[in-house]
Amino acid sequence: MSLKAGIVGLPNVGKSTLFNAITKQNILAANYPFATIEPNVGIVFVPDKRIDFLKELYNPLSVVPTTFEFTDIAGLVKGASQGEGLGNKFLSHIREVDAIVEVVRCFDDANITHVTGKTNPVSDIEIINIELVLADLDVVNNRLGKIEKKAETTKDKESLLEVEVLKKCKVNLESNIPLRRINFDKDALKILKNFSLLTLKPIIYVANVDEESVIVGDNDYTLQVKSYASAEGAGVVVMCAKLEADLAGLENEEREEFLKSVGVNNSGLDKLIFATYDLLGLATFFTAGKDEVRAWTFKKGMKAPECAGIIHSDFQRGFIKAEVMSFDDLNYYKDEKKVKEAGKLRIEGKEYIINDGDICYFRFNV
C-alpha cells in the first residue's frame, strides 16, 4: 500500500519548491499565484536503513522499498470552495489522499510575494481550513438534498442512519469544525468513507522556514503553528524548502555530510514521512530472500492474514501460518540460520498481530 498525501497551501508559501525537492522533479515553481494548474504527482521511496541491511545480507536480485506519493495542487485562495482561482477543481484532486500536508509560510522575504500582504501563519492556516470546511459542507448538503426526503418516506434504516450522520457533519461544519475533530463510530465512518471528505483526513502542517531557523530552532511563526496544531491534535514538521532543494541534487553520502555540517540529523522529507506514518498509525514489515527484499506498509494492529493480503489476496484467503523473525534479532545474529538456532524464528497463526520490523514468510493454500 503506497501512502498518498496531498500538498495544499496558499500561493507562494513554498509548496512547489518543496515538491520539486522531495521528488527531485523539475516542476514549475514560479513567484506568482496559480503557477501550478494541473496537479503534480511524485513518488518517493520511504527511507529505511533496515532495508539496506537486508540488501547486504541477502544480496537479492531486486530490492523494493515502500513508497510515498505526493500530489501537489495549485495554491488555494479565499473563496476556493466557491471556485475562486479554480479552487473546486484543485480541491477535487486531493479527495483520494490518505493525509493532507498543509504548507505554511514561516519566514519573511520581501522578494517573495505573499497573497495577503504579510506573513501570518495562523491566518494562512485558517484561510485554507475554512475552504476545506466549505468544500465538505457543499458535499454534505448535496447528498442530504438527494436522500433526506426519501429516507423519511421509506423509513429505510440505512438511509436514516446516513441522514443522521450527515446532519451531524453539517452542524459541525457550519460551526467551522473540521470533521477529524469529531468522534464517529465505525458505522458512521463507513458511511462517510464514500464521500472522501477533506476535513476528515488527518493533517500535518509543514512550517516552511528559512535556513537559519532550521539550524537555530523555532521562530515566532513556527511557535504559532505548533500552538494552533496542538489545539486540534495535528502534526507539525518544521523544514526549509530551499534547504531541501539543495539536498535534492546530492548523492546519499554527500547528503548525510551536508546535514551533519548544518547540525541536522534528518532531512525535512524524512521527518515528514516519519510524522505522517505516526499520524496514520502505519508501520513496515519485510519479506526477504535471494529473489527479493521488499518493504510493505501496514496499519498497526493488523493481523497476519491481513498483512499477507497486502502482498496478494490469495495469501489472505488461503492463509495457513506465518514464519516470523524480528529485524532486531536478525540484525543481532547477522544470519538467518543463527536466528533459527537461537529459537527466535516463530510460527504464528491467524491471530498474530504483525509488529513493525517483522520479517515474514507467509504459507498459504488456495
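See the structure above.
Here is what the cut-offs are and how they apply
Residues numbered from 1 in each chain as written. Predicted model: local features only at pLDDT ≥ 70, side-chain atom pairs only at ≥ 80, totals over all residues. Heavy atoms only, no water. Salt bridge = Lys/Arg side-chain N within 4 Å of Asp/Glu carboxyl O. Helix = DSSP H or I, 4+ residues; strand = E, 2+ residues; numbered from the N terminus. Buried < 20%, exposed > 50% of the residue type's maximum accessible area, 1.4 Å probe, protein only. Disulfide = S-S within 2.5 Å. 1 Å grid on protein atoms, 1.4 Å probe; cavity = no way out; pocket = protein on both sides within 12 Å on 5 of 7 lines; lining within 4 Å. Points joined across faces, edges and corners; volume = space filled by probe spheres on them. Nonpolar A, V, L, I, M, F, W, Y, C, P; charged D, E, K, R; others polar.

Can you explain the pattern of salt bridges? Please cite residues and give values.
Scanning the entire structure with this criterion turns up 16 salt bridges. In this structure, the salt-bridge partner of Glu174 is Lys170, at a minimum N-O distance of 3.1 Å. On the criterion of helical spacing, the pair formed by Glu174 and Lys170 is a turn pair, its members being four residues apart in helix α5 (residues 157-174). A relative accessible area of 24% means that Lys170 is categorised as partly exposed. In this structure, Asp218 and Lys226 form a salt bridge, with 3.0 Å as the shortest nitrogen-oxygen distance. Residues participating in the shared-partner salt-bridge network are Asp48, Arg50 and Asp356.

Can you tell me about the state of the cysteines, naming the residues and giving the values?
Scanning the model with the defined rule gives zero disulfides in all. Free cysteine Cys360: the closest other cysteine sulfur is in Cys307, separated by 7.0 Å.

Requested: an account of empty space enclosed by the protein, with residues and values cited.
Per the stated rule, a full pass over the model turns up one cavity of 30 Å³ or more. Looking at the largest cavity, its volume works out to about 50 Å³. In terms of lining, the largest cavity is formed by Val214, Val238, Met239, Cys240, Leu243, Glu244, Leu259, Val264, Asn266, Ser267, Gly268 and Lys271. Across the lining of the largest cavity, the residue classes break down as seven nonpolar, three polar and two charged.

Residue-level account of the layout of surface pockets, with values.
Within this model, the largest pocket holds a volume of roughly 1,100 Å³. Along its surface, the largest pocket is lined by 31 residues, and Pro47, Asp48, Asn252, Arg255 and Asp270 are the ones closest to its centre. Of all the secondary structure elements, the ones that give two or more residues to the lining of the largest pocket are α1 (15-23), β2 (40-45), α2 (49-58), α9 (241-248), α10 (252-261) and α11 (268-280). Looking at which element gives the most residues to the lining of the largest pocket, the answer is α10, with five residues. Asp98, Lys193, Pro202, Leu280 and Lys299 are the residues nearest the centre of the second largest pocket, which is lined by 18 residues in total. Tallied by class, the residues present in the lining of the second largest pocket amount to 11 nonpolar, one polar and six charged.

Note that all results are geometric; they support no functional claim without further evidence.
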